[in-house]
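Examining the three-dimensional arrangement
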Amino acid sequence: GAIGCMTLALMTRATLGHSGQELRAGFGTVLIYLSVIGASVARVFGEFTPIESMAIYTTSASLWIAAFLGFALLYWRSLVGVPRDQPIQQN
């Protein structure tokens, strides 16, 4: 969980900084962080409930996927956009 949060933090900070945007977490960014934290908590909770562990692990995996897919969807435009130092060509 800690590594997942740090990975998202690094990816969001680098994406915002390198694309020239304000270093501020919007609502969507907060949701992806909450998703990865929820995945971590669910994973630990699954260890203490052996009867329901498969459902809890599935929930954990779904939250983890939602966090990183959410990052890709939220930051797609910034990740594939024109770099700041490259002028935009107009016809």
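This write-up is about the structure you can find in this document. (Residues numbered from 1 in each chain as written. Predicted model: local features only at pLDDT ≥ 70, side-chain atom pairs only at ≥ 80, totals over all residues. Heavy atoms only, no water.)

1. Regarding helix α3 (residues 53–80)
Filter applied, for reference: Secondary structure elements follow DSSP: runs of H or I of four or more residues count as helices, runs of E of two or more count as strands, with numbering from the N terminus. One fewer than the residue count of a helix, multiplied by 1.5 Å, yields its expected span. Throughout, bend refers to the angle between the axes fitted to the seven residues that end at a position and the seven residues that start at it. Think of it in three bands: with a 1.4 Å probe and only protein chains considered, a residue is buried below 20% of the maximum accessible area for its type, exposed above 50%, and partly exposed in between. When checking whether two residues touch, look at their non-hydrogen atoms; a contact exists if any pair is within 4.5 Å.
If you check α3, its first and last C-alpha atoms are 39 Å apart, about what 28 residues at 1.5 Å a residue would give, namely 40 Å. At L74, α3 is bent by approximately 50°, the largest bend along its length. Of all the residues in α3, the buried ones are S53, I56, S60, A67, G70, F71 and Y75. On its buried side, α3 packs onto α1 (2–18) and α2 (27–48).

2. Examining the environment of L8
Tracing the backbone through its elements, the reader meets L8 in helix α1. In contact with L8, not counting residues within four places along its chain, are I32, Y33, V36, A67, F68 and F71.

3. Some remarks on the packing of α2 against α3
Under the convention used in this document: Note on geometry: axes are C-alpha line fits, over the in-contact stretch for helices, and angles between N-to-C directions span 0 to 180 degrees. Convention used here: angles under 35 degrees read as roughly parallel, angles over 145 as roughly antiparallel, angles from 65 to 115 as roughly perpendicular, and any remaining angle as oblique. Whether a crossing is left-handed or right-handed is set by the direction in which the near helix is turned from the far one by less than a right angle, anticlockwise for left-handed and clockwise for right-handed. Gly counts as polar in this scheme, as do all residues outside two lists: the nonpolar Ala, Val, Leu, Ile, Met, Phe, Trp, Tyr, Cys and Pro, and the charged Asp, Glu, Lys and Arg.
The N-to-C vectors of α2 and α3 enclose an angle of 160°; their axes lie 8 Å apart at closest approach. In terms of axis orientation, α2 runs roughly antiparallel to α3. When you trace α2 past α3, the crossing you get is left-handed. Of the residues contributing to the contact of α2 with α3, the split by class is 14 nonpolar, nine polar and two charged.

4. Some thoughts on the pattern of salt bridges
Our working definition: Salt-bridge detection follows one rule: a side-chain nitrogen of Lys or Arg within 4 Å of a carboxyl oxygen of Asp or Glu.
Going through the model one piece at a time under the given rule, you end up with one salt bridge. Residue E47 is joined to R43 by a salt bridge in which the shortest nitrogen-to-oxygen separation is 2.9 Å. Highlighted residues: E47 and R43, both in helix α2, separated by four residues, approximately one helical turn. Looking at R43, the relative accessible area reads 43%, which means it is partly exposed.

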